[in-house]
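Structural features, examined
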There are 2 protein chains.
Amino acid sequence: MRFCPYAHRVHLVLDAKKIPYHAIYINLCDKPEWFSLVSSSTKVPAVELVNEPGNPVLIESLIICDYLDEKYPEVPLYPKDLLKKAQEKIFIERFGQFINAFYYLVLHDNPEQLVDTDHYDGLVVYEEELKRRGTKFFGGDSPGMLDYMMWPWCERFDSLKYTFEQKFELSPKRFPTLIKWRDFMIQDRAVKCFYLDGQTHAKYINSRRSGQADYNMLYNEAKRVKLG
Amino acid sequence: MRFCPYAHRVHLVLDAKKIPYHAIYINLCDKPEWFSLVSSSTKVPAVELVNEPGNPVLIESLIICDYLDEKYPEVPLYPKDLLKKAQEKIFIERFGQFINAFYYLVLHDNPEQLVDTDHYDGLVVYEEELKRRGTKFFGGDSPGMLDYMMWPWCERFDSLKYTFEQKFELSPKRFPTLIKWRDFMIQDRAVKCFYLDGQTHAKYINSRRSGQADYNMLYNEAKRVKLG
């Protein structure tokens, strides 16, 4: 599913490590028959490991990304220190609070929910932590696992101003460090590989909010351009 | 919290690896003041690493257990093969469906929910998988991470027959392999270290269902015995 933020996580790790892969995007409302043969859980993302005997399939974005990080250690995404690694995983886990708030917002209609509640305040933890670290990225000079695991929702955050009438952006006063981080992230090679701008995300999110999620939006648009 | 199944997971790993530790059980409804100083999230389990500079605290049962497994590799709980390790983590993640069903049951009042739905069928996956492996434990000759991460709820499963009027046990016809597994698990040294029988779990669960969770049940009972 081209717009799935969990699948996005896996793309980021694959691209950061330059692992060759072939992506197949599926329509979640009309899953192809072969998909149930590949993934018993019918969840996305699902990664089929074609170099392993029996072509086993992994699911769950964090499990897939941790596997890729251990299997392809050339560009390590976690700190070497085991304690720091565990602390990074806690930050990744904790980001789930913000993800839940984000979905609540996308499926309902009250941006105040995200702005005013503890969930948006949840971002303050990351603002403070990055300021404390004093590095460009959470991972240091280059993005690490925490950066990439947060990014799909941060990229989509920019779409909110197109989805809701009122202007809805990260406050430069409250989030100066995260705003600078976002600008650095957009320049990262792996992030660029899979990047979509806020307007495109908004278009998809609006189709989902209307109850008719347009999973093939990019494909159909490309076809129209080609035919046009 | 003595009855917390997530904390139970951490006890099992600590005991399996014979890592020395000091446990403090807290009352979740009346948390001691010092706890917020130790754990910013005020969640249990929280593990304070007193040998590390600054006494850092880790939270989240799976993150703690994975950290302990990497930090104390003497009794490895995951398969060495990275793919098998990832597959083991997927089985651990998937067990969450059963955990959700279990809590639904404990907090509501309809055992059919657990018996008849897909969630109980969720256990079939583990029955089939263990039968396929043909080993005593999921981990082989001794319990591995999957065995220990499932165990807290399996130990508590035995309490259901005391909590609900109707007899409520694992069907020997549907779950012959898991029933044998349970008998093996109860003989495991680490499991024995923290084991409580079904009647004791039921007593706690009933106090929780009544709205007055008796977190200090064992402490108070021991005191009564001592005074008596």
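It should be emphasised that the depicted structure is a prediction, and the values quoted were computed from it without experimental measurement.

The rules behind each value
- Numbering of residues starts from 1 in each chain and follows the order in which that chain's sequence is written.
- The order in which chains are written sets their letters, starting at A; the order in which ligands are written sets their numbers, starting at 1.
- It should be noted that, the model being predicted, local features are given only for residues of pLDDT at least 70 and side-chain atom pairs only at 80 or more, the latter also being counted only at that level, while totals for whole chains, interfaces and linings use all residues.
- The basis for the side-chain values is all heavy atoms of the structure; hydrogens and waters are excluded.
- By the criteria applied, helices consist of DSSP H or I runs no shorter than four residues and strands consist of E runs no shorter than two, each listed in order from the N terminus.
- It is over C-alpha atoms that the radius of gyration is taken, and the globule rule equals 2.2 Å times the number of residues to the power 0.38.
- Only protein chains enter the accessibility calculation, which uses a 1.4 Å probe; a residue is then buried when its area is under 20% of its type maximum, exposed when over 50%, and partly exposed in between.
- We call two residues contacting when some pair of their heavy atoms lies within 4.5 Å.
- Given a helix with a known number of residues, its expected span is that number minus one, times 1.5 Å.
- Aromatic pairs are defined between Phe, Tyr and Trp rings, using the six-membered ring for Trp, whenever the two ring centres lie within 6.5 Å; interplanar angles under 30 degrees are classed as stacked, those over 60 as edge-to-face, and all others as tilted.
- Two limits define a charge over a ring: the Lys NZ or Arg CZ must be within 6 Å of the ring centre, and within 35 degrees of the ring normal.
- UniProt positions are given in the numbering used here, feature names are shortened, and annotations may be inferred rather than shown by experiment.
- Note: buried area is the sum, over both parts, of the accessible area (probe 1.4 Å) each one loses when the two are combined.
- Only one rule defines a salt bridge in this text: a Lys or Arg side-chain nitrogen within 4 Å of an Asp or Glu carboxyl oxygen.
- Identification of polar contacts relies on pairs of N or O atoms within 3.5 Å, with a donor-acceptor requirement for protein atoms, meaning one able to donate a hydrogen and the other able to accept it, and with residues adjacent in sequence counted only if both atoms are side-chain atoms.
- Side-chain classes are defined by residue name, with Ala, Val, Leu, Ile, Met, Phe, Trp, Tyr, Cys and Pro counting as nonpolar, Asp, Glu, Lys and Arg as charged, and the others, Gly among them, as polar.
- Each patch is built from salt-bridge-free residues with over 30% relative accessible area, joining like charges within 9 Å and nonpolar side chains (Val, Leu, Ile, Met, Phe, Trp, Tyr) within 5 Å.
- In this description, accessible areas are obtained by the Shrake-Rupley approach with a 1.4 Å probe, and a residue is regarded as covered only by the protein chains that are shown.
- A residue counts toward the fit only if its pLDDT is at least 70 in both copies, and the copies are then superposed by least squares on the C-alpha atoms of those residues.
- In this analysis the local bend is the angle between axes fitted, respectively, to the seven residues ending at and the seven residues starting at the residue.
- Any pair of cysteine sulfurs within 2.5 Å is marked as a disulfide.
- An automatic or database domain assignment provides the domain bounds reported here.

The next point concerns the overall build of chain A. Within chain A one finds 13 helices and 2 strands. Relative to its length of 228 residues, chain A is compact, with a C-alpha radius of gyration of 18 Å against a globular reference of 17 Å. By its C-alpha atoms, chain A is 50 × 45 × 30 Å across when sized along the principal axes. Expressed as a percentage of the 228 residues in chain A, the buried residues total 48%. Of all intrachain contacts in chain A linking residues separated by at least 6 positions in sequence, the fraction that spans at least 24 positions is 65%.

Our focus in this paragraph is helix 1 (residues 5-16) of chain B. Residues and elements named next belong to chain B. Taking 1.5 Å of rise per residue, the 12 residues of helix 1 would be expected to cover 16 Å, and the 16 Å separating its terminal C-alpha atoms lies within 8% of that figure. Most of helix 1 sits out of view: 11 of its 12 residues are buried. Taken residue by residue, helix 1 has Pro 5, Ala 7, His 8, Arg 9, Val 10, His 11, Leu 12, Val 13, Leu 14, Asp 15 and Ala 16 as its buried positions. As for helix 1, its buried residues are in contact with strand 1 (46-48), helix 3 (61-71), helix 4 (82-107), helix 7 (145-157) and helix 10 (189-194). Directly beyond the C-terminal end of helix 1, a positive phi value near 50° is found at Lys 18.

Below, the discussion takes up the packing of aromatic side chains. Each aromatic ring pair is described using two quantities: the centre-to-centre distance and the angle formed by the ring planes. If you walk through the whole model with that rule in mind, you get 30 aromatic pairs over all chains. On the basis of an interplanar angle of 40° and a centroid distance of 6.2 Å, the ring pair of B:Tyr204 and B:Tyr215 is categorised as tilted. Here the residue B:Tyr204 occupies a position in helix 11 (residues 198-209), and B:Tyr215 occupies one in the loop between helix 11 and helix 12 (217-227), the gap between them amounting to 11 residues. B:Tyr215 shares its class with B:Tyr204; the two are buried. A connected cluster of aromatic rings, assembled from ring pairs, spans A:Tyr6, A:Phe91, A:Phe95, A:Phe98, A:Phe102, A:Tyr103, A:Tyr126, A:Phe138, A:Trp151, A:Trp153, A:Phe157 and A:Trp181. Over the ring of A:Tyr78 we find A:Lys85; its NZ or CZ atom is 5.5 Å from the centre of that ring. The ring of A:Tyr78 carries A:Lys89 above its face, with NZ or CZ at 5.8 Å from the centroid.

Time to look at the UniProt feature "domain: GST N-terminal" (unreviewed entry) in chain A. With numbering aligned to this structure, UniProt lists the feature "domain: GST N-terminal" (unreviewed entry) at residues 1-76 of chain A. Secondary structure within residues 1-76 of chain A divides into 38% helix and 8% strand; the distance between the first and last C-alpha atoms comes to 27 Å.

Right, let's get into the interface of chain B and chain A. At the junction of the two partners, chain B supplies 21 residues and chain A supplies 21 residues. Between chain B and chain A, a total of about 1,900 Å² is buried, with carbon and sulfur atoms accounting for 72% of that surface. Taken together, chain B and chain A are joined by 2 salt bridges. We note a salt bridge from A:Lys85 to B:Glu70, for which the minimum N-O separation is 3.0 Å. Linking chain B with chain A are 2 residue pairs in polar contact (both at pLDDT 80 or more). Of all elements in the fold, only strand 2 (57-59), helix 3 and helix 4 of chain B reach the threshold of two or more residues within the side of chain B that touches chain A. The element best represented in the side of chain B that touches chain A is helix 4 of chain B, accounting for 9 residues. Class assignment for the residues of the side of chain B that touches chain A results in 10 nonpolar, 2 polar and 9 charged.

The next point concerns a nonpolar patch on the surface. Side chains of A:Ile24, A:Trp34 and A:Leu37 sit close together on the surface and give an oily, nonpolar patch of about 350 Å² of accessible area. Here A:Leu37 lies in helix 2 (residues 33-38).

With an RMSD of 0.0 Å, chain B superimposes on chain A once it is rotated by 180° and translated 0.0 Å along the axis. In the structure described here, the two chain copies are related by an operation that fits a two-fold rotation axis. A shared interface surface links the copies, since 100% of the contact residues of chain B are contact residues in chain A too.

What follows is about helix 7 of chain B. Residue and element names in this part refer to chain B. Compared with an ideal rise of 1.5 Å per residue, which puts 13 residues at 18 Å, helix 7 spans 19 Å between its outermost C-alpha atoms and is within 8% of the ideal. If you look at helix 7, its biggest bend is around 45°, right at Trp 151, and the proline Pro 152 turns up within four residues after that. The element helix 7 is extensively covered by neighbouring structure, given that 13 of its 13 residues are classed as buried.

Residue and element names in this part refer to chain B. Going through the model one piece at a time under the given rule, you end up with 0 disulfides over all chains. Not engaged in a disulfide, the cysteine Cys 29 finds its nearest cysteine sulfur in Cys 4; these two sulfurs lie 13 Å apart. As a non-bridged cysteine, Cys 193 has Cys 65 as the owner of its nearest cysteine sulfur, 15 Å distant.

Size of an interface, as often reported, equals the accessible area lost when the parts are brought together. All names here are of chain A. By the assigned domains, chain A splits into domain 1 (5-71) and domain 2 (82-203). If you sort the residues of domain 1 by the area they bury against domain 2, His 8, Arg 9 and Leu 12 come out on top, with a joint share of 38%. At the boundary of domain 1 with domain 2, the tally comes to 1 salt bridge. Between Lys 89 and Asp 66 there is a salt bridge whose closest N-O contact spans 4.0 Å. Taken together, the residues of the side of domain 1 that touches domain 2 sort by class into 8 nonpolar, 2 polar and 5 charged.

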